[in-house]
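The primary structure of each chain is shown beneath.
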Amino acid sequence: ISLAATTFIKIDLYKNPITYWGSVKADFPGRFLPYVGLFNYYNHKKDFTNAENQLLAGIKIKPNEFTLRQLLINFYTTRKEKQKAFLASKNAIDIKVDDFSNLFEDYIMLAIELNNLNELENLIDKNSNKEKFKAKLKKIIELQIQRLNDIGDLQKANLISQIKLKLN
């Protein structure tokens, strides 16, 4: 009888993702994985407010977990919320400026798309003494200039080219 009752209780945990991930959250409060699981569920169900809230809660638990931050940026980008994506990438860059992952490339691309070119200049100024940083930044900016030229945005490409000169 005890085994049967326990079995039914455990099976009940798996009846839907919310109860499952909720129980994982309760068992492991310091882990971010349940938040990712709930994000995936809510995102699939197109409950975007709850999906966003799950990622933000996961980031509060593990602020240095950059896969969560990348997931949040991708979520915002997919939803065409570029300003939110930019702020999320800026927060990530402020924490770990030397990381040249997709976070960094997203930050630069979003700064250009949102015409926050002063952000690029500030980034260059803050890190003007880091040669390795400047070399990688120069490559990323060159790719963005090429992208802008390819889509015919020559004016913005020229503005970015002027900013790139600070890297020399």
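If you're wondering where the values come from, they're calculated on a predicted model, not measured in any experiment.

Calculation rules
- Residues numbered from 1 in each chain as written.
- Predicted model: local features only at pLDDT ≥ 70, side-chain atom pairs only at ≥ 80, totals over all residues.
- Heavy atoms only, no water.
- Helix = DSSP H or I, 4+ residues; strand = E, 2+ residues; numbered from the N terminus.
- Rg over C-alpha atoms; globule rule 2.2 N^0.38 Å.
- Buried < 20%, exposed > 50% of the residue type's maximum accessible area, 1.4 Å probe, protein only.
- Contact = heavy atoms within 4.5 Å.
- Lys, Arg positive; Asp, Glu negative; His and termini not counted.
- Charge placed at Lys NZ, Arg CZ, Asp CG, Glu CD.
- Salt bridge = Lys/Arg side-chain N within 4 Å of Asp/Glu carboxyl O.
- Polar contact = N/O pair within 3.5 Å; in protein donor to acceptor, adjacent residues only side chain to side chain.
- Core = buried A, V, L, I, M, F, W, Y, C linked by side-chain atoms within 4.5 Å.

1. Quick notes on the overall build of the chain
Across its full length, the chain carries ten helices and zero strands. Going from N to C terminus, the chain has its helices and strands arranged as α-α-α-α-α-α-α-α-α-α. Relative to the compact-globule value of 15 Å for 168 residues, the chain shows a C-alpha radius of gyration of 21 Å, a clear excess of over 25%. For the chain, the spread of C-alpha atoms along the three principal axes comes to 75 × 35 × 20 Å. Counting the 168 residues in the chain, one finds 36% classified as buried. A sequence separation of at least 24 residues applies to 53% of the contacts in the chain between residues at least 6 apart. Across the chain, the mean location of the 26 positive side-chain charges is 3 Å away from that of the 19 negative side-chain charges.

2. A look at the environment of L68
Within the secondary structure layout, L68 lies in helix α5 (residues 66–78). Put simply, L68 and N116 are 48 residues apart on the chain and 24 Å apart in space, counted from C-alpha to C-alpha. Ignoring any residue separated from it by four or fewer positions in sequence, one finds L68 in contact with F32, V36, L55, G58, I59 and K62.

3. A look at the side chain of S89
Here S89 shows up in helix α6 (residues 82–95). Residues contacting S89, with those up to four places away along its chain left out, are I73, L103, Y107 and L110.

4. Observations concerning the pattern of salt bridges
Per the counting criterion, the structure on display carries ten salt bridges. The partner of E81 in a salt bridge is K84, with the nearest N and O atoms 3.4 Å apart. We classify E81 as partly exposed; its relative accessible area is 23%. Take K84: its relative accessible area is 36%, and that puts it in the partly exposed class. Two residues, E142 and K164, come together in a salt bridge whose shortest N-O distance is 3.5 Å. In this pair, E142 is assigned in helix α9 (residues 131–150) and K164 in helix α10 (residues 154–164), connecting sequence segments 22 residues apart.

5. Details of the environment of T67
Residue position: T67 is located in helix α5. Once the C-alpha coordinates of T67 and S161 are considered, the two residues, 94 residues apart in sequence, prove to be 31 Å apart. Reaching out from T67, the side chain makes a polar contact with the side chain of E65 at a distance of 2.6 Å.

6. Some remarks on the nonpolar core
Core analysis: the largest hydrophobic core is formed by 41 residues, its most contacted members being F104, I108, L120, L137 and I160. Here this core gets seven residues from one element, more than from any other, and that element is helix α7 (residues 102–113). Residues contacting I160, with those up to four places away along its chain left out, are I112, L117, L120, I141, I145 and L148.

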